[in-house]
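# Working through the structure, step by step
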Amino acid sequence: MSASTPAQPSSPQGRAPLSRRTFLTAAAVAAAAGAELVLPGRASAAPSRPRAAGSAQVTWSSESTASGYAPMSGTWYADPATGLAAVPYKLSQQDDIALAASGRNFGQVINIDPAKAYQSMLGVGSSMEDSTIHNLALMRPAVRTKVLRALFDPTSGAGFNITRICFGTSDFSHTTFYSYDDGPADPTLSRFSIQKDVDNHIISTLRDALRINPDLIVFGTAWSPPAWMKDNNSLIGGHLLDEHIPTLARYYRKIVQAYAEQGITIHAMTPQNEPLYAAPYPSMLVTSQQEAQLVDAMRANFAAGMLGTSDSGCSDTYRNTKAIAFHDYDGDPGAMSLLKTKYPGLDMAMTERMLWGTAGADRIARYMRRWSTTYVAWVTMLDQNRDAQQYGAPDPTPLIQNPDNRDTYWALPEYYLFAQFSKFIKRGAKRIWSDYGSAATITTVAFLNPDGTIATVVVNQTSSAQQFTLRSGQQQLIDAIPPKTAGTYVWTPSTPPATTSDAYSPIQAEAYGDASGVAVEVTADTTGGEDIGSLSNGDWAKYGNVAFGAQAATQFKARVASGAASGVSGRIEVRLDSRSSTPVGSITVENTGGWQTWTTKTADISGNLNWFTFTR
């Protein structure tokens, strides 16, 4: 997708900050189933130092301090070397930090609880669309291999373990737009061929990437099917014809089969890139009803349910799917958590966006805190002229190539910032509970890796160093992270995780174990962190293992906010053990002055909820 913003369906009236449709859900995913570039064209593959016992390994990456080289600045295309010379940390390993007994608080305190585990991570990576692959093909083979290692090698590179490809061409393409069956109508698909993908080096590049990282997951998306399947007979724009829904399902099956014959497994696919947006480049408008029919037809064509669909307001669209994929060009990541509570059996997957600097790193953390199992950036390498793409002016890409010497390239700060996630969060890692923190200090997301290590990404978006405490059970570490820097802290916990929550200390509302109809969002309350919003009649959140002790609770306190119209109120009910049990207490909530204007209510609860506690 280009830098231009797709047209959006209108949002429903009502609560403005987090409507159920303001976050663009593009298409659903189907899951079947570092080194520093310190000089142009040169990769340093020094191995990481072993982590000392009872200590945390620390790695930092940061933005450039050079004037004119802010994230997203076009100056990066003009002279990337100058900007990179002023980047303090590029996936730079720092001295280990000894773990100490939990005690005093230093700076922003982040509590981490490995006992509260959420989604299992699938992967972090970027796209191998035609523009990137074309630029790679212009390099000498040895240099091209170095770039692929920098991207995919889990030891000497960033360790990207998931990548997205285009079935046919997208807007980021150096060649004439094509599908795999161009020409007059061909309902039998007699002309079908992926030969152009072979000729354009897509197949060979993916094979090389898989040799470097055999665990790489490849998933695909079509921007447009053959033109004859659409009402305008063009690859650009148009609307899918109902009569060709079964044909399109067979077309997709043939793609997967053809790639398998080339030795490349397509692990997942989305039926249509941004189905509600008929763009001025390869694209297609697909209604929710058509998409539901297409998914059913695809299910009939595949042995396993490697399908997904879009948030198009039609719940039937989600049958036979395994995940919902998102493109972040509008709205708030909180919509991901809202859909997760609505469809708990489906994975959430962020499959396209490129956001920059430490603010972009925080956005990635927020996707993952909202249940995303993936982060996949869009467009990996353009040249300084941005020639190998046909629409719009994109943000800077993680890698930039010199058009006068194709073997010279630069890795921008974003390459290193993405690697703070991809290199240390292993496939199968479980996101675990951690305080979010605050954009005014640090923000975080934490994971429990399959090897038992905790990996916490800490992001400092501010212009000054920030001191903080990471605390898990009876252990903690303190550090000060430099300005405009993201760090990853990896350690092996020596104490068992907590199994209960103290009823008489604040329980963060977003720390629910199960929920329905709620969305998690960043709060504007004075303590920072997150709240749950989009609450309406019948919505609920469940908190397990809350310990009351021997003495009965006598009061319930909650931190709430509401922007409901004057005279409109709601009630938060507290029930023990079961949603069907008789409420033991309730709090009525009326307008507090705004959806982020917070007040603490006691005892006898509609609105947003930041935290709650009980008193004896």
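Residues numbered from 1 in each chain as written. Predicted model: local features only at pLDDT ≥ 70, side-chain atom pairs only at ≥ 80, totals over all residues. Heavy atoms only, no water.

## What to know about helix α3 (residues 130-137)
Filter applied, for reference: Exposed residues in this analysis have more than 50% of their type's maximum accessible area, buried residues have under 20%, and partly exposed residues fall in between, with area computed by a 1.4 Å probe over protein chains only. Starting at the N terminus, helices and strands are each numbered in turn, a helix being any DSSP run of H or I of at least four residues and a strand any DSSP run of E of at least two.
Counting buried positions over the eight residues of α3 gives six, a clear majority of the element. Buried within α3 we find D130, S131, T132, I133, N135 and L136.

## Some words on the environment of F468
As a reminder, the rule being used: Should any heavy atoms of two residues lie within 4.5 Å, those residues are considered in contact.
Among the structural elements, F468 can be located in strand β21 (residues 466-472). You can call F468 buried: its relative accessible area is 0%. The spacing of F468 and V458 is ten residues in sequence and 9.5 Å in space, taken between C-alpha atoms. Those residues in contact with F468, other than ones at most four positions away along the chain, are F106, G107, Q108, I442, V458, L477, I478, D479, A480, I481 and Y489.

## Thoughts on helix α4 (residues 141-152)
Inclusion rule: A helix's residues, less one, multiplied by 1.5 Å, set its expected span.
The terminal C-alpha atoms of α4 lie 16 Å apart, and with twelve residues this matches the ideal 16 Å at 1.5 Å per residue to within 8%. Those residues of α4 lying buried are V143, R144, V147, L148, A150, L151 and F152.

## Here we look at the pattern of salt bridges
Put simply, the rule reads: Basic side-chain nitrogens of Lys or Arg form a salt bridge, by our definition, when they fall within 4 Å of a carboxyl oxygen of Asp or Glu.
Overall, the coordinates contain 15 salt bridges when judged by the stated rule. Salt-bridge contacts for D208 lead to R211; the nearest nitrogen and oxygen are separated by 2.2 Å. Separated by three residues within a single helix, D208 and R211 lie in helix α6 (residues 202-212), roughly one turn from each other. Residue R211 is classed as exposed on the basis of its relative accessible area of 59%. Bridged by salt links that share partners, the residues R144, D208 and R211 form one connected network.

## Digging into the packing of aromatic side chains
Note the threshold: Two rings from Phe, Tyr or Trp (for Trp, the six-membered ring) form a pair when their centres sit within 6.5 Å of each other. Planes less than 30 degrees apart are called stacked, planes more than 60 degrees apart edge-to-face, and all others tilted. In this scheme, the term charge over a ring applies when either NZ of a lysine or CZ of an arginine sits within 6 Å of the ring centre and within 35 degrees of the ring normal.
Summed over all chains, the structure comprises 16 aromatic pairs. Between F172 and W378, the aromatic rings sit 5.7 Å apart at their centres with planes inclined by 85°, giving edge-to-face as the arrangement. One end of the pair, F172, is in the loop between β8 (162-167) and α5 (195-199); the other, W378, is in the loop between β14 (372-377) and β15 (381-383), with 206 residues separating them in the sequence. Overall, the relative accessible area of 5% leaves W378 in the buried class. Taking NZ or CZ as reference, K116 lies 6.0 Å from the ring centre of W433, over its face. Lying across the ring of Y77, R386 places its NZ or CZ 4.4 Å from the centre.

## Considering the packing of helix α10 (residues 357-369) against helix α11 (residues 413-422)
What counts is decided by this rule: Each axis is a line fitted through C-alpha atoms, taken for helices only over the stretch in contact, and angles between the N-to-C directions span 0 to 180 degrees. Each angle is binned into one of four classes, with values under 35 degrees roughly parallel, values over 145 roughly antiparallel, values of 65 to 115 roughly perpendicular, and all other values oblique. What makes a crossing left-handed is the near helix being turned counterclockwise from the far one by less than a right angle; a clockwise turn instead makes it right-handed. Each residue is assigned to one class: nonpolar for Ala, Val, Leu, Ile, Met, Phe, Trp, Tyr, Cys and Pro, charged for Asp, Glu, Lys and Arg, and polar for all the others, Gly among them.
Following both chains from N to C, one finds α10 and α11 inclined at 25°, their axes separated by 10 Å at the closest point. Taken together, the axis directions place α10 and α11 in an arrangement best described as roughly parallel. When the axes of α10 and α11 are compared, the crossing they make is right-handed. Facing G357, T358, A361, I364, A365 and M368 of α10, the residues of α11 in contact are E414, L417, F418 and F421. Grouping the amino acids of the contact of α10 with α11 by side-chain chemistry returns seven nonpolar, two polar and one charged.

## Observations regarding the pairing of β14
Here is the rule we go by: Between any two strands, pairing holds if DSSP finds at least two bridges. We call a crossover right-handed when, viewed with both strands directed away from the observer, the connection leading from the first strand over the helix to the second proceeds clockwise.
Counting buried positions along β14 gives six out of six residues, so the element sits mostly inside the fold. With four bridges joining them, strand β7 (residues 123-127) and β14 adopt parallel strand pairing. Following the sheet pairing, S126 is matched in β14 by A377. Handedness of the crossover joining strand β13 (residues 347-352) and β14 through α10 is recorded here as right-handed.

## A short note on the nonpolar core
Counted only if it meets this: Here, nonpolar core refers to any group of buried Ala, Val, Leu, Ile, Met, Phe, Trp, Tyr and Cys residues whose side-chain atoms link them within 4.5 Å.
Y252, Y259, M368, Y375 and F421 are the most contacted members of the largest nonpolar core, which totals 101 residues. The element best represented in this core is helix α7 (residues 245-261), accounting for nine residues. Once residues within four sequence positions are removed from consideration, M368 is found in contact with Q119, M121, V124, Y375, F421, I425, R431, V445 and F447. Core analysis: the next-biggest nonpolar cluster, separate from the first, contains 19 residues, A66, V87, Y329 and L412 among them.

## Quick word on the sheet that holds strand β16 (residues 399-401)
On the basis of which strands lie adjacent, the open sheet formed by three strands has the order β15-β16-β17 and mixed pairing. Each having just a single partner strand, β15 and β17 (409-411) make up the two edges of the open sheet. Adjacent strand axes in the sheet meet at a mean angle of 25°, parallel and antiparallel pairs treated alike. In this structure, β16 lies alongside β17, joined through three bridges in antiparallel fashion.

## Some remarks on the packing of α4 against α6
Contact geometry of α4 with α6 gives a least axis separation of 10 Å together with a crossing angle of 55°. Taken together, the axis directions place α4 and α6 in an arrangement best described as oblique. Classified by chirality, the crossing of α6 by α4 is right-handed. For the pair α4 and α6, contact is made by R144, T145, L148, R149 and F152 and by S204, T205, D208, A209 and I212, respectively. Residues belonging to the contact of α4 with α6 are distributed by class as follows: four nonpolar, three polar and three charged.

## A look at the sheet that holds strand β23 (residues 485-491)
With respect to topology, ten strands assemble into an open sheet ordered β4-β3-β23-β20-β19-β18-β6-β21-β22-β5, the strand pairing being mixed. Here the strands that pair on one side only, and so sit at the sheet edges, are β4 (92-98) and β5 (100-101). Sheet topology note: the strand β19 (residues 443-448)/strand β20 (residues 454-460) ladder contains six bridges and is antiparallel. Across the sheet, the residue bridging to T444 is V458, located in β20. Strands in contact with α10 are β6 (108-120), β18 (430-434), β19, β20 and β23; relative to β19, the strand with the most contacts, it is inclined by about 50°. Along the sheet, α11 makes contact with β3 (55-62), β19, β20 and β23, crossing β3 at roughly 155°.

## Some words on the confidence of the model for the protein chain
Rules: The pLDDT value tells you how sure the predictor is about a given residue, anywhere from 0 up to 100.
The pLDDT averaged across the protein chain works out to 86; a share of 85% of its residues lies at or above 70. Confidence drops under pLDDT 50 across residues 1-47; counting only partners more than four residues distant or on other chains, this segment forms 166 contacts. Residue range residues 304-315 is modelled with pLDDT below 50. Its contacts to residues more than four positions away, or to other chains, number 55 contacts.

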